[in-house]
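Observations on chain architecture
The chain contents come next:
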Amino acid sequence: QTEVDERSMQFKGLKFASKDSLFFINFRFRMQNRMGFVTEDADDLGIREWDARVRRLRLRGDGYILGEKLAYSVQLSFSRGDQDTDNTGVANIVRDAVIFYHFTDNFYVAFGQNKLPGNRQRVNSSGQLQFADRSIVNGALTIDRDFGLKAYYTNTLGNAVYQLKGAISTGEGRSVNTTDKGLAYTGRVEFLPFGSFTNDGDYSEGDLEREQKPKLSLAGGYSYNKATTNTGGQLGEDLFAPVDMKTFMFDAIFKYNGWAYAAEFIKRDVNNPLTYDSDGTLSYAYEGYGLNNQFSYIFKNNVETAFRYSYLTPSKRLANLEDTREVYELGLTKYLKGHKVKAQLNMSYNVGNQNYSLNHDKNYWGAMFQIELGI
Amino acid sequence: QTEVDERSMQFKGLKFASKDSLFFINFRFRMQNRMGFVTEDADDLGIREWDARVRRLRLRGDGYILGEKLAYSVQLSFSRGDQDTDNTGVANIVRDAVIFYHFTDNFYVAFGQNKLPGNRQRVNSSGQLQFADRSIVNGALTIDRDFGLKAYYTNTLGNAVYQLKGAISTGEGRSVNTTDKGLAYTGRVEFLPFGSFTNDGDYSEGDLEREQKPKLSLAGGYSYNKATTNTGGQLGEDLFAPVDMKTFMFDAIFKYNGWAYAAEFIKRDVNNPLTYDSDGTLSYAYEGYGLNNQFSYIFKNNVETAFRYSYLTPSKRLANLEDTREVYELGLTKYLKGHKVKAQLNMSYNVGNQNYSLNHDKNYWGAMFQIELGI
Amino acid sequence: QTEVDERSMQFKGLKFASKDSLFFINFRFRMQNRMGFVTEDADDLGIREWDARVRRLRLRGDGYILGEKLAYSVQLSFSRGDQDTDNTGVANIVRDAVIFYHFTDNFYVAFGQNKLPGNRQRVNSSGQLQFADRSIVNGALTIDRDFGLKAYYTNTLGNAVYQLKGAISTGEGRSVNTTDKGLAYTGRVEFLPFGSFTNDGDYSEGDLEREQKPKLSLAGGYSYNKATTNTGGQLGEDLFAPVDMKTFMFDAIFKYNGWAYAAEFIKRDVNNPLTYDSDGTLSYAYEGYGLNNQFSYIFKNNVETAFRYSYLTPSKRLANLEDTREVYELGLTKYLKGHKVKAQLNMSYNVGNQNYSLNHDKNYWGAMFQIELGI
């Protein structure tokens, strides 16, 4: 079934339960191996750089203790590119370490480190994606993981389902030991007018379940990160002075009979994005907005074709520092055991500053082959 | 039962044994999530800093192989603050990796990396503490973990029990690849005049077992660390020249009918604590003494109240570099499944240089909430 | 049985299989604790340096998914000296993360990170060695692990067995996120004129199986690493400019009735080994050749005596930078449970520049005691 990063899961992997049903643990691992490249230029197909590596290698344990009300989820990441080593100088192995308490079937809280209730593509597990990577919009503007207190409430309104999610968190992401007094405040509302997706499919890309009736989720959220010291809020390199970030997120996903369409819009405002150290060196927080669209169909043989269009543009203040970027991407995925075992081939055309010409030197082609294997 | 860091344990967690009883392994994990803060000052209750994070995330495996005489214990730590990254620049994941050989029921040796037979609070597992953190005395003066050869002997003297422990180890702690010729030599004697504590309770804080008869352990030890290159011997940042450290440790624990009292005194002398590099930059080894006291009572509903008073003072040579520190701390703990699942609330008043006034700028308040969840 | 690093194994450790036989996983761990030293000089037996630490602590999972054709192997290393931290500045935890697809019983391919089909001693698992460390020849000239695509073909020719192995890989080893366009190309042929070794013993040191008939494997290989940026190709520190490396490898192993003899010759040529940065600082790729010989006999009580002679010499261009090194080494190993649980004592005489005199200051003695414990 679907791996959800906002909940303790009961997977079909390795399970152990105590005889008195007071204790349960479930182990998973996931490996993503890839080989891809980008070209020098749009009209020079020489290879500029290979991206060939173990992109992700993760261990995950979920379960409960003292009965199902008190649940937990732990996720560890072991590959270099999955530890933010290059941004933070620290090998951040712990991705999730969170304790859940279920007050009722409709309401639970989380204390610890896991994903914030942010944009849908980020909250989707990296094992539930239909392209090898998330979009450039997510890359620049997501609010990612954070340590703190989160609350999740679900209810129905006739046939419809709605969810309210909120978080108070440190705002500094998963790498810090201590944090200043500026925290982060996040809220999100989701509305599913036609009821729940099969197998939590609103947090999984592609319509692998082949929904028999149309299903839709509409969501909006906002996060205010006070006095963050990273270029991307919870992510990124160090800033030289703390800044306040406001991130607006709207997203939707629709699935029906093998077709899926997902879109998300994210906009970020920073009070004063440009920070300088005493030598005048600049470190700036990314500010701007982006739109990501993904459209896909899965055939009877579990081969999926997908198309993605992403648009990301900086604010005017950053226009000299960052290009407007667009990505047109085709994806072909063979699902061998749902999202758990799959092979993916992606091809992209990457455009800078809305000049689509093949001889524009900010444009290039990319290709990526990735195999995911997990239990 | 009690987790002991000087022995291979048989827990109630996940166990696997071979059919011929020649092989056994037991898995555990432990997560400690916390949110706390310190104030700007004793009379300015604004928050200076949050300490909100996954404090510990550990995996542990214990067992034996080829029969019970040859046992092992492995413990890995994955959270940043648990890896000494900030002191050593290296992510030290391995906490324990040690092989035990039991010559008799009374005598066993250990070869590998685990805790030295030092002060009791350090040897107590971090999963057996009654406050969220160990004391400032332990922080400054403990001898921690080290790689080497250790020996443990237990015997009785009438009703009394005594233990002798000794170690020869590298003296450089758990982060090094190679080490100079100066090793560390540690010895410790423990005397339990009224016999053994229930469930190894002499290495667990608070009287969760509610001893029916008074139990007492008195212990003393000494460690000589020749030519260590870290400010804290086995711990701390690099010194610019090796120093010789002598550490004296005395501790006691008493438990009866839900009441517990634990005390420890540690004194360290360093032959020449101030070291300089060629630019004249100073790096110094901490030298001085400290006393820690903890007193607690656990109610029938498994709520425990505890009080701690800690005193730490530097040697005269360091008086310009380090303050005398005192901590008065109240602890409230709800034990849900002994020490394995518990919620803790701590409040402290921190005093510098024995000036207790609220407007002394070295004083401040602290608060900490921590949930521990383990199997 | 023998642990082989080029294949997904089915060990006797902890195994879990799904009821429908479509999924299998097997867990192992291995710990190597050691205490050794080298002397100041050949005629000054004072200790220059201790090597006392947890040399290796590894976790390994092997298995298949969706049936036996699709297999995987994952290996994690947690000790500092096992992560190339000191060369790369990054804690490289992932050693192996590779997916195997078996087209037929004779032919399979691997996609991911694992060992290249290089010299035999490197491909031998570190849990299958008869000395505590591999030879200095392997240390300077091995091609180690790499990410890429590998293929393995085995067939018979009468009683004889031959194997063909090939790889296309990044050439930058296990630490990189992205890589330049120069890849590495490796090929290897193995010929076993008297048929297969018992229990894959051609990739295990010492004749623990006591072969009833003589068994021999002869192998030769070549690796071309284009535009590598590390001093040792897949290993080592950064070079200031990319170089092209050609590595020739020949090795053989013979076993019969408790006797084993293994030899390997490696030669490396680098197009331009000396690289400089803008300040004129030098970083050079090692170039030269070496020969390693190991001869051993295992007694009925599973005590093995072994002798090793290693010779390593730099190319003429590096003669001012590197010494010719020779090692004469005696090994005594007690196998308690094959290679999985063993105690090893090694004594070596280390000679520089072929001057064997005790008062040559490049000579010294070494001793090492190591216990390995694994499941």
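The rules behind each value
- Residues numbered from 1 in each chain as written.
- Chains lettered and ligands numbered in written order.
- Predicted model: local features only at pLDDT ≥ 70, side-chain atom pairs only at ≥ 80, totals over all residues.
- Heavy atoms only, no water.
- Salt bridge = Lys/Arg side-chain N within 4 Å of Asp/Glu carboxyl O.
- Helix = DSSP H or I, 4+ residues; strand = E, 2+ residues; numbered from the N terminus.
- Buried < 20%, exposed > 50% of the residue type's maximum accessible area, 1.4 Å probe, protein only.
- Pairing = 2+ DSSP bridges.
- Least-squares fit on C-alpha atoms with pLDDT ≥ 70 in both.
- Contact = heavy atoms within 4.5 Å.
- Buried area = accessible area lost by both parts, 1.4 Å probe.
- Polar contact = N/O pair within 3.5 Å; in protein donor to acceptor, adjacent residues only side chain to side chain.
- Core = buried A, V, L, I, M, F, W, Y, C linked by side-chain atoms within 4.5 Å.
- Phe/Tyr/Trp six-rings, centres within 6.5 Å; stacked < 30°, edge-to-face > 60°.
- Lys NZ or Arg CZ within 6 Å of the ring centre and 35° of its normal.

1. Some details on the pattern of salt bridges
Oppositely charged side chains are able to pair whenever their charged atoms sit close together. Residues and elements named next belong to chain B. For the structure on display, the rule yields 67 salt bridges over all chains. Salt-bridge contacts for E372 lead to R30; the nearest nitrogen and oxygen are separated by 3.8 Å. Here R30 lies in strand 2 (residues 23-39) and E372 lies in strand 19 (residues 364-374), a separation of 342 residues in the sequence. Summarising the burial analysis for this pair, E372 and R30 share the class buried. Residue R120 is joined to D251 by a salt bridge in which the shortest nitrogen-to-oxygen separation is 3.1 Å.

2. As for the pairing of strand 2 (residues 23-39) of chain C
All names here are of chain C. The element strand 2 is largely enclosed, with a buried count of 14 among its 17 residues. Bridge count between strand 2 and strand 3 (residues 47-65): 17 bridges; the pairing is antiparallel. Bridging from a neighbouring strand, G36 pairs with D51 of strand 3. Alignment of strand 2 against strand 19 (residues 364-374), held across nine bridges, turns out to be antiparallel. Each residue of the ladder has a partner; that of V38, found in strand 19, is G366.

3. Section: the relation of the copies chain C and chain B
Between the two copies, chain C and chain B, the superposition gives an RMSD of 0.0 Å; the rotation angle is 120° and the shift along the axis is 0.0 Å. One copy is carried onto the other by what is essentially a three-fold rotation axis. Residue A91 of chain C of chain C places its C-alpha closer to the rotation axis than any other residue of that unit, at 4.0 Å. Comparing contact sets, just 9% of the residues at the interface of chain C also lie at the interface in chain B, consistent with a heterologous contact between different surfaces.

4. Quick word on the interface of chain A and chain C
Of the residues lining the interface, 32 residues belong to chain A; the matching set on chain C comes to 32 residues. For the chain A and chain C pair, buried surface summed over both sides reaches about 2900 Å², with 78% attributable to carbon and sulfur atoms. It is W50, F78 and R80 of chain A in chain A that bury the most area against chain C; as a group they hold 21% of the surface buried on that side. For the interface between chain A and chain C, the tally reads two residue pairs in polar contact (both at pLDDT 80 or more). Of all the elements in the fold, those that place two or more residues in the side of chain A that touches chain C are strand 1 (14-17), strand 2 (23-39), strand 3 (47-65), helix 1 (85-88), strand 17 (325-337) and strand 19 (364-374) of chain A. Here the side of chain A that touches chain C gets eight residues from one element, more than from any other, and that element is strand 3 of chain A.

5. Some points on the nonpolar core
Inside soluble globular proteins, nonpolar side chains tend to come together where they are buried. Counting residues in hydrophobic clusters, the biggest one holds 81 residues, and the most contacted among them are M31 and F78 of chain A, F78 of chain B together with M31 and F78 of chain C. Apart from the residues lying within four places of it in its own chain, the contact partners of F78 of chain C are F78 of chain A, L76, F78, I93 and V94 of chain B together with L57, L59, Q83 and I93 of chain C.

6. Overview of the interface of chain C and chain B
On the side of chain B, 33 residues touch chain C, which itself brings 32 residues to the contact. Roughly 2900 Å² is buried in total at the junction of chain C and chain B, and carbon and sulfur atoms are behind 78% of that figure. Linking chain C to chain B there are zero salt bridges. Along the contact surface separating chain C from chain B lie two residue pairs in polar contact (both at pLDDT 80 or more).

7. Some thoughts on the packing of aromatic side chains
As enumerated under the stated definition, the model contains 62 aromatic pairs over all chains in all. Consider the rings of Y101 of chain C and F103 of chain C, whose centres lie 4.9 Å apart with planes at 80°: the pair is edge-to-face. Y101 of chain C gets classed as partly exposed once you look at its relative accessible area, which sits at 34%. A connected cluster of aromatic rings, assembled from ring pairs, spans W259, Y261, F295, Y297 and F299 of chain A. Sitting over the ring of Y203 of chain B, R120 of chain B keeps its end group 5.0 Å from the ring centre.

8. Some remarks on the relation of the copies chain A and chain C
By a simple turn and slide, chain A fits onto chain C: the slide is 0.0 Å along the axis, the RMSD is 0.0 Å, and the turn is 120°. Interface overlap between copies: only 9% of the residues of chain A at the interface are likewise at the interface in chain C, consistent with a contact formed by different surfaces.

9. A closer look at the pairing of strand 17 of chain A
All names here are of chain A. Pairing geometry for strand 16 (residues 303-314) and strand 17, over 10 bridges, is antiparallel. Each residue of the ladder has a partner; that of V303, found in strand 17, is K334. Looking at chain direction, strand 17 and strand 18 (residues 341-352) are connected through 12 bridges and run antiparallel. From the neighbouring strand, T333 faces strand 18, where its bridge partner is Q344. What sits between the antiparallel neighbours strand 17 and strand 18 is a turn of three residues, in which G338 has the positive phi angle 60°.

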